[in-house]
Every structure is written in C-alpha cells, then in structure tokens.
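Residue-level structure breakdown
Residue strings, one per chain:
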Amino acid sequence: MRVKEYILALGLLLLGMTACSPTEPDAKKYDDPRDAFVGEYDYTSTGNIEFTSIGVKPMSIPLYKEGSFTIAKEAEDNKVAIVGAILGEKDSIHAIVTGNQLMLEQSSTNYTKDDLNIQMMLSYDKATLTDNQLVWDADILGVASYSGISVNCTGHLSVVAVKQGTK
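Residues numbered from 1 in each chain as written. Predicted model: local features only at pLDDT ≥ 70, side-chain atom pairs only at ≥ 80, totals over all residues. Heavy atoms only, no water.

Looking only at helices and strands, the protein chain features 2 helices and 10 strands. Along the chain direction, N to C, the helices and strands of the protein chain fall in the order α-α-β-β-β-β-β-β-β-β-β-β. Here the protein chain holds 167 residues, and the buried ones make up 29% of them. (Helix = DSSP H or I, 4+ residues; strand = E, 2+ residues; numbered from the N terminus. Buried < 20%, exposed > 50% of the residue type's maximum accessible area, 1.4 Å probe, protein only.)

What describes a pair of aromatic rings is the distance from one ring centre to the other and the angle between the planes of the rings. With the rule as written, the count across this model stands at 3 aromatic pairs. Note on phenylalanine 69 and tryptophan 136: the rings are 6.0 Å apart at their centroids and 55 degrees apart in plane angle, and the pair reads as tilted. Taken together, the residues phenylalanine 69 in strand β2 (residues 56-73) and tryptophan 136 in strand β9 (residues 133-146) connect sequence positions 67 residues apart. Here the two residues phenylalanine 69 and tryptophan 136 agree in accessibility, since each one is buried. Three or more aromatic residues joined by ring pairs form one cluster here, namely Tyr41, Tyr43, Phe69 and Trp136. (Phe/Tyr/Trp six-rings, centres within 6.5 Å; stacked < 30°, edge-to-face > 60°.)

Turning our eyes to something else, we now look at the environment of isoleucine 96. Here isoleucine 96 is to be found in strand β4 (residues 92-98). Remark: the alpha-carbon pair of isoleucine 96 and glutamate 76, spanning 20 residues in sequence, is separated by 9.5 Å. With near-sequence residues (within four places) excluded, isoleucine 96 lies in contact with Asn78, Lys79, Gln101, Leu102 and Met103. (Contact = heavy atoms within 4.5 Å.)

It is worth spelling out the pairing of strand β7 (residues 116-124) at this point. Of the two faces of β7, the one holding Leu116, Ile118, Met120, Leu122 and Tyr124 is buried and the one holding Asn117, Gln119, Met121 and Ser123 is not buried anywhere. In this structure, strand β6 (residues 107-113) lies alongside β7, joined through 7 bridges in antiparallel fashion. Looking at β7, one finds that tyrosine 111 is bridged to isoleucine 118. Turn length for the β6-β7 hairpin, with the two strands adjacent in sequence and antiparallel, is 2 residues, and the turn residue aspartate 114 shows positive phi of about 55 degrees. As defined by bridge partners, β7 adjoins β9 across 9 bridges and the pair is classed as antiparallel. The partner of methionine 121 across the bridge, within β9, is leucine 141. (Pairing = 2+ DSSP bridges.)

Okay, structure coming up:
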C-alpha cells in the first residue's frame, strides 16, 4: 500500500505544479507589457462635483463626457501616457504599467465653463484592462470660483474606455 500512496502523492504534486505554471503564450503575450494598452480608445466619463460653502446649500453638477484618447509609450520602461483631455484642460495622464493595470499619476487640471473656473486635483484608482476595456475611477478635490466667489468642491469621476478596432 505504501508504494501506491507514494505514487498517488507524487502524481498529485506534479499535477498541482503543472496547473499552477502559466504556459509561455499566456505568461508572455507581449514582449513589452505596454503593448496591451497602446492604441486608440473611445471613452465615456461620468460623475459629479459637489460645491460646499458655509451657510450655502450644497450644489452638485453632473460630469459627463464622451470622447477619445490615445495611449502611447513613454521613453521610460513601463511608462505610458494617456493623451487627450478627459476632464478639464489637462491633455495627458502619465501611468506605470503593472500587469493588466495602470497606476495613474495624480494630476491637477482646470475646468472652465462660462464664468465658472474649477481648479481640481485628481487622485486615481488603478485602471484595469479587461477584454480591451479600460476602467478607472478618480476622486476630485478642488476650489471653484464664480464671479469672485470661491467655494470648495469634491467629486468623483468614473471612466470606461474601449480600445478601437476591438468592439
């Protein structure tokens, strides 16, 4: 009986090691991991900004935008740039590739519409690429000014982007 138990245990061990080992095509689909992200994307961004001031009822403005952006490699290894204004006047967001995610660098931007000017700081969650769809969220802190009056604002933004040519 000992020989059968030994052979069974060895077989299970080998099976377990094989099941946990990635195959070469899956483990290294791209020579450069940034290649999975590089390309043109169509996106929709949604969210809101809430304005607060002492003695004033809070006000909320919805954020909605559709557009496109490009992800391009940067000179440094594992770095990419998302080029194209998603919110405000900022035309690029820099990020580091880690697996199927982008770690987006915190950024600041301005948003201007008529007499309203909002200076914002955006803190991003990781952007995850799944089946050619890139998704991320951002928290917004800022100061808004309108006709000489300034108020603090906070908000949230969600972005869903689909790589062109893969729909």
